[in-house]
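Single-letter residue listing:
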There are 2 protein chains.
Amino acid sequence: MKAWLEEEKSLRQNGFADRQIQQTVEFMRQQGMETLWDVQNTYDSGLFGLTDRCSFGSNGLCCRNCNLGPCRLDSDQLPMHMKVAVPDTQRSSCGKTADTMVAGMFLQTVMRGVSSHVGHAIHVARALVESAEDSSTLEIKGKDKLIAVAESVGIDTKNIETAELAKKVGQKALEDLLGPGKGPMSFAIALAPKNIERLVKAGLVPEKGAAETIVQGVHSTAQGMMSSSKHILMSTVRFGVIDVIALYISTQIQDILFGTPAPMASKIGIDVLDEQKVNILVHGHVPLLSEMVVNYANKMEDKAKKAGAKGINVVGICCTGNEALGRLGIPMTGSTIMQEIVVGTGLVDAVCADVQCVYPSLSTITSKLHTRLITTMPELRMDNEIYIELNPENADESAQKIVEESINAYKERNPEKTFMPTAKGHGLVGGFTVEALLSVLAKLDSEKPLKPLVDLIANGTVQGVAVLAGCLSPKVQNDMSFITIAKELLKNNVLVLATGCAATACARHGLMEGEAMEFAGEPLRGVLKTIGGAAGLNGQMPPVLHFGSCVDNSRCAVLASAVADYLGTSIDKLPLVASAAEHVVEKAAAIYMGVIALGITTHIGVTPKLSGSPYVVDMLTNELNEITGSSLLIEIDPKKAAHKMIDHIKKKRAELGI
Amino acid sequence: MKAWLEEEKSLRQNGFADRQIQQTVEFMRQQGMETLWDVQNTYDSGLFGLTDRCSFGSNGLCCRNCNLGPCRLDSDQLPMHMKVAVPDTQRSSCGKTADTMVAGMFLQTVMRGVSSHVGHAIHVARALVESAEDSSTLEIKGKDKLIAVAESVGIDTKNIETAELAKKVGQKALEDLLGPGKGPMSFAIALAPKNIERLVKAGLVPEKGAAETIVQGVHSTAQGMMSSSKHILMSTVRFGVIDVIALYISTQIQDILFGTPAPMASKIGIDVLDEQKVNILVHGHVPLLSEMVVNYANKMEDKAKKAGAKGINVVGICCTGNEALGRLGIPMTGSTIMQEIVVGTGLVDAVCADVQCVYPSLSTITSKLHTRLITTMPELRMDNEIYIELNPENADESAQKIVEESINAYKERNPEKTFMPTAKGHGLVGGFTVEALLSVLAKLDSEKPLKPLVDLIANGTVQGVAVLAGCLSPKVQNDMSFITIAKELLKNNVLVLATGCAATACARHGLMEGEAMEFAGEPLRGVLKTIGGAAGLNGQMPPVLHFGSCVDNSRCAVLASAVADYLGTSIDKLPLVASAAEHVVEKAAAIYMGVIALGITTHIGVTPKLSGSPYVVDMLTNELNEITGSSLLIEIDPKKAAHKMIDHIKKKRAELGI
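Residues numbered from 1 in each chain as written. Chains lettered and ligands numbered in written order. Predicted model: local features only at pLDDT ≥ 70, side-chain atom pairs only at ≥ 80, totals over all residues. Heavy atoms only, no water.

1. So, the nonpolar core
- Core analysis: the biggest nonpolar cluster contains 479 residues, and Val118, Ile312 and Leu468 of chain A together with Val118, Ile312 and Leu468 of chain B have the highest contact counts within it.
- Other than its neighbours up to four places away in sequence, Leu468 of chain A contacts Phe482, Ile485, Ala486, Leu489, Val496, Leu497, Ala498, Thr499, Ala502, Cys506, Ser579 and Met645 of chain A. (Core = buried A, V, L, I, M, F, W, Y, C linked by side-chain atoms within 4.5 Å. Buried < 20%, exposed > 50% of the residue type's maximum accessible area, 1.4 Å probe, protein only. Contact = heavy atoms within 4.5 Å.)

Here it is in structure tokens:
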């Protein structure tokens, strides 16, 4: 496993794969502004590897939970020069072995991830209840979706007003999230009506509110608590299940509130910033912010013009961007990893963030520019911020303030500090969903819309389905894990869905443009063209389908569950695979554990901090198969990873006898 | 601040202060069994400090939250030889500064602590509701307390059955813990009816259920979330408040279920183990386990005798021990830090643990002995365990199984592997409470029982009150922080209450025996003798009052709040001070932040992992005064610490004009 870190290092030495990134990083270096790539270089540039990332931490062999420590343990993963720092013991002060330490640290990571998604879902569910109670707040745009969701969780939808129904759905979600829960979570059953049974039997579907379960989960990570590494790892699976349910609740309710996305063309790249306009960058994960800002940007064009701009240009980044892309078609500047450089162009007048993946470095960068750093939710407060809390009750007022601040900032923009890369961005199509896919397939078979897809898989035209998801990492040549994997999968006639930063990486490299269809194998290309035609996309149909934000990974789970149900089998039997190749944030770990719990084997391609325990690695990559029928697949090299994913699909096909 | 780590090192070089510990550690070394002192020695014994505890971690300058890292930062706190490992940057990959990193790591510590206490309180509140719903489970022993608590949270106590009232109280607690909350937590108001207002105004009393607040709190610690160090630190204060309320709920409901403790004499030391009997060691924090085990130990004496033992000897350690000491008078083997050596004597037939502070090393140690390691709650699963879940519904059955396992183990005890230290233990009096104190004081003034105490403080007979609380640390000469501080305070006529391991440290050094009265100043001694006489303790009255488990720190808060209310002032104005001199576990951090939030300045005497940020240290030790009227006091040397605590009391007296 020591090789993993070496492989990463050699991959990142390939430099930038995206020319816009490269050019803008160079500009920022000239301006004396540091980015995460510079920080990574700093670690890499020490002599004899002395400033490498800490080997104890990288292998999961460091614990500083309590004040007996920090403790660290030996491993054959450590480089020679670290050996002098190894204490002569096999245990932490409290008696943790390497297995316990590595597993425990991983559970803490998953806990932060699942808390993030449950926190997101609570906000969204409350927004639905509040909108239902007070129509002056948010309009409920997705009435069809409301009825579908209500029915899926057993709420009677006959003779009931929309508002009342919305309130009931919101409350049902809050019961799952906050309790009092009785029996397995309602939305878990709705997500995977048949598949859930085996998870329930395996004790993997919590029966109390997610919040209480999380409190006891965090409790179990404190000093002198859970120390059996096997039990700790089973906790990561259970919290993975909660995570997926939280994603599902968020997606469903966001569709109810803001409407289900639909495929539409837009653009991606730093050049979606407009030098002539007030540029507002929406950042984070909750669609409320972008909905409202876009709304007020439209209303306040005149004010912007009075300030000398040609108008207001709302653009996105990270998953708030993906949400706005899918529902409103607003362009994306890029992926989360680019937030420093997008702001560093000096062309962004305000960066408005709700929650998650908002780098603290934006405080430093905006402090050197005219750019306003606007935070909008209580869980994310930053230095150098302007805090404008935005919630359903004050959404109009706050959105207006945000746009006003942006216009004020525009007046202070210093053209000498701005930069526009010469490299050009790409077109993309966002907004694919299960609903969109089914409505297209319904044109082929209106009674059983899944049948055409299943038939295509059965006859081998489509070999299987892969989901590319999660973050981008400067520890490898960022983007290229996904690009390499996507191209290899397409060539082998695997249908590729992508979400979050995996999706925006594919888009930035042109894989969401019609021309990229050339990368797909002949049979797959035919299928995609049919879908594109039915969706009205014709020449624009991309080979990689943008399936939304990282929260929208639940859409992929819904699709998998629907196919499994259609076939009367369980998800783990299907020719499916996922990859969070460049996983960075804790949420990625929570998601991949949840996706694995559902039965989908998931690849990761950056060293997880697990390598200090061969037991933990074996449990997750091997033994877990006995429980979930799926496992973690660790492979740093993207080409090898793609072939392991294809092999997995072939194996599942063989097992199905197709 | 670099001096802090050096001071600790020099203190721990003083070796063992407790002869029983010293002798038993030596025995274990002969047996090839390692303890946490050996692990600490391992870190200390490297040449040139190369194997010292990691300086980055010790100063809070390491972050491995996400997979961009682990990251580490430079500081003037780092020793020269670590400088080669310092990356040439002032930020983490995501852009955290030292302030953000240090504060964020501290918040994570507090979050694990508050989750532990909220988790404990949820279990206890559920037990009350279940007992109320089904009388076949637990008997409600504290009917007076039930009425008092019900009234304090605004429940009508007239014309209502005990069971119904108990259910309402339990549900009220669950509302605070799990929601739905409306307005500040009911038990917060009950704890500090007048004092709470300022905390509410300062936004420091959460208005939603504790669990939801914790989920969003953990969410706020994930990558790309809260990065303003000031906001992060204010979160630690808010979660401190939740922590104290969770303690208060637990103590109150435990008194309702099991009765309020009363002062009674018992013994402490490894020699409370009985070589002739089946020894059952109860360990952890929740009193249900010890209550039930003691109950069945009494019933199953005959069975033990048939197995060749002279009977069954239930003894305690950690706070489950303190709970059993206070309510049942069962003897204590020692403090939590001694768990390895108590089990290592080979005289313990079963160690039964519920939750918290149960070292993973017990798995290794029991695997080499006949000793059964019995775990009883789902949050704490260990290697080499026998899992016998114990909850109100199955308490009888499970307790019986536990005692049976212990008897079976006794038969396998190998006398050649047993050890009894020649050094003798001590007597002690446990079970002091606010109720006990007030009932004694009521003998002096039945209408205003607080008046005699307040008068004694006003006239200077008692200079003030200090609470010694929290863990023991092998990073200093364990025990001696508290012993030094206690003696110094007593000499200066400060009334000393102690809880948790601070209490058991005092007890092991004889400070809870009547003879120790000599350490108290003449005026204080008179007061204590009066209290002792009224409590029927006469010659046995100790100068340090054992105020229960660490959860029972809430009893001290209740006393402080009552005195403040009596005087019509706020807690921070009173001549009070606390010390968690040898804080180890995360719960200690949560408690001391809560105690500070209430207005009580608290000392800590082992380097917290905060020293990498002068801002964070200043905020907690200084600036916080402006918000709470109290702060953290960091002083490694116990003698100096005692005088700083006394100075604080003098300052508060001067401000009150007394």
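2. A look at the pattern of salt bridges
Residue and element names in this part refer to chain A.
- Taken as a whole and judged by the stated rule, the model has 66 salt bridges over all chains.
- In this structure, Arg12 engages Asp44 in a salt bridge whose closest nitrogen and oxygen atoms are separated by 2.6 Å. Of this pair, Arg12 sits in helix 1 (residues 2-12) while Asp44 sits in helix 3 (residues 36-44), and the two are 32 residues apart along the sequence.
- Owing to a relative accessible area of 16%, Arg12 belongs among the buried residues under this scheme.
- Since its relative accessible area comes to 24%, Asp44 is described here as partly exposed.
- A salt bridge links Arg112 to Glu586, with the nearest nitrogen and oxygen atoms 2.7 Å apart. (Salt bridge = Lys/Arg side-chain N within 4 Å of Asp/Glu carboxyl O. Helix = DSSP H or I, 4+ residues; strand = E, 2+ residues; numbered from the N terminus.)

3. Let's talk about the sheet that holds strand 11 (residues 464-468) of chain B
All names here are of chain B.
- Taken in spatial order, the six strands line up as 13-12-11-14-15-16 in an open sheet, and their pairing is parallel. Only two strands of the sheet have a single neighbouring strand rather than two, namely strand 13 (544-546) and strand 16 (632-634). Strand-to-strand, the axes of this sheet are offset by a mean angle of 25 degrees, without reference to chain direction.
- Strand contacts of helix 27 (residues 638-656): strand 11, strand 12 (494-498), strand 14 (576-580), strand 15 (602-604) and strand 16, with the helix running at about 155 degrees to strand 14, the strand carrying the most contacts. (Pairing = 2+ DSSP bridges. Axes fitted to C-alpha atoms, helices over the stretch in contact; angles between N-to-C directions.)

4. Describing the sheet that holds strand 13 (residues 544-546) of chain A
Residue and element names in this part refer to chain A.
- Strand order in the open sheet made by the six strands is 13-12-11-14-15-16, with parallel pairing throughout. Single-partner strands in this sheet number two, and they are strand 13 and strand 16 (632-634). Between one strand and the next, the sheet's axes are offset by a mean angle of 25 degrees, whatever the strand orientation.
- With respect to the sheet, helix 27 (residues 638-656) is in contact with strand 11 (464-468), strand 12 (494-498), strand 14 (576-580), strand 15 (602-604) and strand 16, its orientation differing from that of strand 14 by roughly 155 degrees.

5. Overview of the packing of aromatic side chains
Residues and elements named next belong to chain B.
- Using the criterion set out here, one finds eight aromatic pairs over all chains in the structure.
- Centroid distance Phe27 to Phe419: 4.7 Å. Interplanar angle 10 degrees. Geometry classified as stacked. Remark: Phe419 occurs in the loop between helix 17 (395-411) and strand 10 (426-430) and Phe27 occurs in helix 2 (residues 19-30); sequence separation between them is 392 residues.
- On the basis of relative accessible area, Phe27 is assigned to the buried category, the value being 6%.
- A centroid spacing of 6.1 Å and a plane angle of 70 degrees characterise the contact between Phe187 and Tyr248, whose relative ring orientation is edge-to-face. Taken as a pair, Phe187 in helix 8 (residues 186-191) and Tyr248 in helix 11 (residues 229-258) lie far apart in primary sequence, 61 residues in all. You'll find Phe187 and Tyr248 in the same group, each marked buried.
- One Lys or Arg, Arg53, reaches over the ring of Tyr43 and ends 3.9 Å from the middle of that ring. (Phe/Tyr/Trp six-rings, centres within 6.5 Å; stacked < 30°, edge-to-face > 60°. Lys NZ or Arg CZ within 6 Å of the ring centre and 35° of its normal.)

6. What to know about the side chain of Ser115 of chain B
- Along the chain, Ser115 of chain B falls in helix 5 (residues 98-133).
- You can call Ser115 of chain B buried: its relative accessible area is 0%.

7. Some thoughts on the domain arrangement of chain A
All names here are of chain A.
- For chain A, the domain assignment lists domain 1 (2-96), domain 2 (99-258), domain 3 (264-417) and domain 4 (434-656).
- If you average the C-alpha positions of domain 1 and of domain 2, the two centres end up 35 Å apart.
- In this assembly, 14 residues from domain 1 lie in contact with seven residues from domain 2.
- In this assembly, domain 1 packs against domain 2 so that about 790 Å² is buried in total across both faces, 71% of it on carbon and sulfur atoms.
- By the criterion of area lost to domain 2, the three top residues of domain 1 are Gly60, Asn65 and Lys96, representing 50% of everything that side buries.
- Remark: the boundary between domain 1 and domain 2 carries zero salt bridges.
- Across the contact surface, domain 1 and domain 2 share one residue pair in polar contact (both at pLDDT 80 or more). (Domains from an automatic or database assignment. Buried area = accessible area lost by both parts, 1.4 Å probe. Polar contact = N/O pair within 3.5 Å; in protein donor to acceptor, adjacent residues only side chain to side chain.)

8. Observations concerning the packing of helix 11 (residues 229-258) of chain A against helix 23 (residues 553-567) of chain A
Residues and elements named next belong to chain A.
- At a closest axis distance of 8 Å, the pairing of helix 11 and helix 23 adopts a crossing angle of 100 degrees. Taken together, the axes of helix 11 and helix 23 lie roughly perpendicular to each other. Counting all contacts with helix 11, which are made through Leu247, Tyr248, Thr251 and Asp255, the residues of helix 23 involved are Asn553, Ser554, Arg555 and Val558.
- Here the residues of the contact of helix 11 with helix 23 sort into three nonpolar, three polar and two charged. (Parallel < 35°, antiparallel > 145°, perpendicular 65-115°, else oblique. Nonpolar A, V, L, I, M, F, W, Y, C, P; charged D, E, K, R; others polar.)

9. Quick notes on the environment of Lys208 of chain A
- Take Lys208 of chain A: it is sitting in the loop between helix 9 (196-201) and helix 10 (210-220).
- Through-space distance from the C-alpha of Lys208 of chain A to that of Ser136 of chain A is 33 Å; in sequence the pair is 72 residues apart.
- In this structure, Lys208 of chain A is in contact with Asp176 and Thr213 of chain A together with Arg126 of chain B, ignoring residues within four places of it in sequence.

10. Quick look at a nonpolar patch on the surface
- Residues Leu47, Phe48 and Leu50 of chain A together with Val84 of chain B make up a contiguous nonpolar surface patch of about 450 Å² in total accessible area.
- Mapped onto the fold, Leu47 of chain A is located in the loop between helix 3 and helix 4 (55-58). (Patch = residues over 30% accessible without salt bridge, like charges linked within 9 Å, V, L, I, M, F, W, Y side chains within 5 Å. Areas by Shrake-Rupley, 256 points an atom, 1.4 Å probe, with all protein chains shown as cover.)

11. Observations concerning the interface of chain B and chain A
- Each side of the interface is counted separately: chain B has 95 residues, and chain A has 95 residues.
- Counting across the chain B and chain A interface gives four salt bridges.
- The salt bridge partner of Glu340 of chain A is Arg91 of chain B, with a shortest N-O separation of 2.6 Å.
- At the boundary of chain B and chain A, one finds 62 residue pairs in polar contact (both at pLDDT 80 or more).
- Mapped onto the side of chain B that touches chain A, the elements with two or more residues apiece are helix 3 (36-44), helix 4 (55-58), strand 1 (62-63), strand 2 (71-72), helix 5, helix 10 (210-219) and helix 11 of chain B.
- Classifying every residue of the side of chain B that touches chain A gives 41 nonpolar, 34 polar and 20 charged.

12. Looking at the relation of the copies chain B and chain A
- Rotating chain B by 180 degrees and translating it 0.0 Å along the rotation axis places it on chain A, where the RMSD comes to 0.0 Å. Here the copies are linked by what is in effect a two-fold axis. Measuring from the rotation axis to each C-alpha of chain B, the shortest distance belongs to Ala211 of chain B, at 2.8 Å.
- When you check the interface residues of chain B against chain A, 100% turn up at the interface there too, and the contact is symmetric in its surfaces. (Least-squares fit on C-alpha atoms with pLDDT ≥ 70 in both.)

13. Some thoughts on helix 12 (residues 287-299) of chain A
- With 13 residues, helix 12 of chain A should cover 18 Å at 1.5 Å per step; its first-to-last C-alpha distance of 19 Å lies within 8% of that length.
- In terms of burial, helix 12 of chain A is largely enclosed, as 10 of its 13 residues are buried. (Expected span 1.5 Å × (residues − 1).)

14. Details of the state of the cysteines
- Here the structure, examined in full by the defined rule, presents zero disulfides over all chains.
- Cys54 of chain A takes part in no disulfide bond, and the closest cysteine sulfur, belonging to Cys54 of chain B, lies 6.1 Å away.
- Here Cys54 of chain A falls in the partly exposed class, since its relative accessible area comes to 23%.
- Of the cysteine sulfurs around Cys71 of chain B, a residue in no disulfide, the closest is that of Cys63 of chain B, at 6.4 Å. (Disulfide = S-S within 2.5 Å.)

15. Concerning the packing of helix 5 (residues 98-133) of chain A against helix 11 of chain A
Residue and element names in this part refer to chain A.
- With their axes 8 Å apart at the nearest point, helix 5 and helix 11 run at an angle of 20 degrees to one another. By the angle between their axes, helix 5 is roughly parallel relative to helix 11. In terms of crossing hand, the pair formed by helix 5 and helix 11 is left-handed.
- A breakdown of the residues in the contact of helix 5 with helix 11 according to their chemical character gives 22 nonpolar, 11 polar and two charged. (Left-handed = near helix turned anticlockwise from the far one by under 90°.)

16. Quick look at helix 7 (residues 162-178) of chain B
Residues and elements named next belong to chain B.
- Counted at 1.5 Å a residue, the expected span for helix 7 with its 17 residues is 24 Å, and the 24 Å between its end C-alpha atoms agrees.
- Leu165, Ala166, Val169, Gly170, Ala173, Leu174, Asp176, Leu177 and Leu178 are the residues of helix 7 that are buried.
- Positive phi shows up at Gly179, right after helix 7, with a value of about 85 degrees.

17. Thoughts on the pairing of strand 12 of chain A
Residues and elements named next belong to chain A.
- Summarising burial for strand 12: five of the five residues are buried, a large majority.
- Covered by surrounding structure in strand 12 are Val494, Val496 and Ala498 together with Leu495 and Leu497, the residues of both alternating faces.
- Two elements, strand 11 and strand 12, share five bridges in a ladder whose sense is parallel. Directly across from Ala466, in strand 12, lies its bridge partner Val496.
- In this fold, the crossover linking strand 11 to strand 12 by way of helix 20 (residues 480-491) has right-handed handedness.
- Relative to strand 13, strand 12 is paired through three bridges, and the arrangement is parallel. In the sheet register, Ala498 faces strand 13, and the bridge partner there is His546. (Right-handed = clockwise from strand over helix to strand, strands pointing away.)

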